[in-house]
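Results of the structural survey
What follows is the residue order along each chain.
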Amino acid sequence: MATQVSKALLVRLEALPGREDDVLDFLNQGLSIVEGEPKTVRWFGIQFGPSSFGIFDAFPDDDGRQAHLSGAVAKALGENTGELFEEPTIEQLDVVVEKQPA
């Protein structure tokens, strides 16, 4: 049975002109990082439009979310702001209902 989640993050990234493929690479690298975070139990790299990307991730509790916010992906976001994408927007969300993965 999958771990139930109650907290989430939605991060929006707007690629700088011509850096769209680099943002896709960044998201792929992010996946390998979060695989080592036991409390990041759902993680998605998403694309809203040609140059608009994002990350949606979910956690069992706020401790997991805060650990993630102080982890390697958050550090990488800061290091790549202005290089690959504009200043990210980060929204902290509460999960009110979910369909767990099979």
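In this report, the structure presented in the accompanying data block is examined.

About the cut-offs
Residues numbered from 1 in each chain as written. Predicted model: local features only at pLDDT ≥ 70, side-chain atom pairs only at ≥ 80, totals over all residues. Heavy atoms only, no water. Phe/Tyr/Trp six-rings, centres within 6.5 Å; stacked < 30°, edge-to-face > 60°. Helix = DSSP H or I, 4+ residues; strand = E, 2+ residues; numbered from the N terminus. Buried < 20%, exposed > 50% of the residue type's maximum accessible area, 1.4 Å probe, protein only. Lys NZ or Arg CZ within 6 Å of the ring centre and 35° of its normal. Lys, Arg positive; Asp, Glu negative; His and termini not counted. Salt bridge = Lys/Arg side-chain N within 4 Å of Asp/Glu carboxyl O. Polar contact = N/O pair within 3.5 Å; in protein donor to acceptor, adjacent residues only side chain to side chain.

**Digging into the packing of aromatic side chains**
- The tally for this structure, following the rule as stated, stands at two aromatic pairs.
- Ring geometry for Phe26 and Phe85: centres 5.3 Å apart, planes at 65 degrees, overall edge-to-face. Of this pair, Phe26 sits in helix α1 (residues 20–34) while Phe85 sits in the loop between α3 (72–80) and β4 (89–94), and the two are 59 residues apart along the sequence. Side by side, Phe26 and Phe85 carry an identical accessibility label, which is buried.
- The ring of Phe48 has Arg12 sitting right over it, with the charged end atom 4.7 Å from the ring centre.

**Comments concerning the side chain of Glu37**
- Here Glu37 lies in the loop between α1 and β2 (42–47).
- Summary of buried charges: Glu37 has no salt-bridge partner, and the nearest side chain of opposite charge, Lys39, is 12 Å away.
- There is a polar contact of 2.5 Å between the side chain of Glu37 and the side chain of His68.

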